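Each chain is listed here by its residues.
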Amino acid sequence: MTGRRTALVTAAFAVTGILSSCADMLLAGPLPEDQWEEVFEFELDPGTRSAAEVERTVGGIIPDGRIVPGSAAHRASIQAPSGRVDFYDFRVADSEMGPQPVFCSAMVSGTSMGAGCGNEPGIVEGPVQPGAESWGDRWRSAEFLVEANVARVDAIAGDGTVYTIIPANGLGYVEWLDERGPLDLVAFDAQGQELGRSFTESGG
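Residues numbered from 1 in each chain as written. Predicted model: local features only at pLDDT ≥ 70, side-chain atom pairs only at ≥ 80, totals over all residues. Heavy atoms only, no water.

### Topic: the nonpolar core
Okay, so step 1: Formed by 28 residues in total, the largest nonpolar core has its most connected members in L44, Y163, I165 and V174.
Okay, so step 2: For this core, the secondary structure elements donating two or more residues are β4 (73-80), β5 (83-92), β9 (139-146), β10 (152-157), β11 (162-166), β12 (171-177) and β13 (183-188).
Okay, so step 3: In terms of nonpolar packing, the next biggest core, distinct from the first, is built from 14 residues, V58, Y88, C104 and C117 among them. (Core = buried A, V, L, I, M, F, W, Y, C linked by side-chain atoms within 4.5 Å. Buried < 20%, exposed > 50% of the residue type's maximum accessible area, 1.4 Å probe, protein only. Helix = DSSP H or I, 4+ residues; strand = E, 2+ residues; numbered from the N terminus.)

### Some thoughts on the side chain of S71
Okay, so step 1: Its location among the elements puts S71 in the loop between α1 (51-58) and β4.
Okay, so step 2: Of note is the side chain of S71, whose polar atom sits 3.0 Å from the backbone nitrogen of R91.
Okay, so step 3: If sequence neighbours within four positions are ignored, S71 has contacts with E55, D89, F90 and R91. (Polar contact = N/O pair within 3.5 Å; in protein donor to acceptor, adjacent residues only side chain to side chain. Contact = heavy atoms within 4.5 Å.)

### Digging into the sheet that holds β4
Okay, so step 1: Ordered in space as β3-β4-β5-β6-β7, the five strands form an open sheet in which the pairing is antiparallel. Strand pairing shows two members of the sheet lacking a second neighbour, β3 (45-46) and β7 (113-117), which therefore form its edges.
Okay, so step 2: Pairing of β4 with β5, which is carried by seven bridges, proceeds in the antiparallel orientation. When the bridges of β5 are listed, S77 appears paired with D86.
Okay, so step 3: In the packing of α1 onto the sheet, the strands contacted are β4 and β5, and the crossing angle to β5 comes to about 95°. (Pairing = 2+ DSSP bridges. Axes fitted to C-alpha atoms, helices over the stretch in contact; angles between N-to-C directions.)

Below, the structure is given as structure tokens:
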């Protein structure tokens, strides 16, 4: 996937083995990593795409028409150093995963794609819970879940650099230079009170 790898972990991003090739999902002509510009604030926007648009998009990820009609939603989006990043929710009917449709999520950007199925939406273990992390030659990215009362997350890199993330619909996302090290994710409420912390996959 254009030189980037994506690590899928538990919760809403647990690997299920239902994914097809992501090659067709990548946007045309993303900037190479050495042309990305570092930013220190990541404010996600609530998703605006219709259910039909989302179903067409994730239909390229999940094969054989297993997406439950009407279940798809555009959860959030952000313009990041790598380009536009979108987050989708949907349900999949697959007998190998059980008799009932299961909840799934997907992240699609110009440089990587990750998807998987697991916990129902709204189930978060702690104020901030890491989801999927990906990394390339120079950059890393991480998505994470937050509880409803989390207004801000500070991502503190190993070298002390701080990235501020404003979540939307329970999701946060950050991209940072690999040389800065792993991130410590610290969640705050609207009054600036610390609620808890966690680490990206390579941290802790």
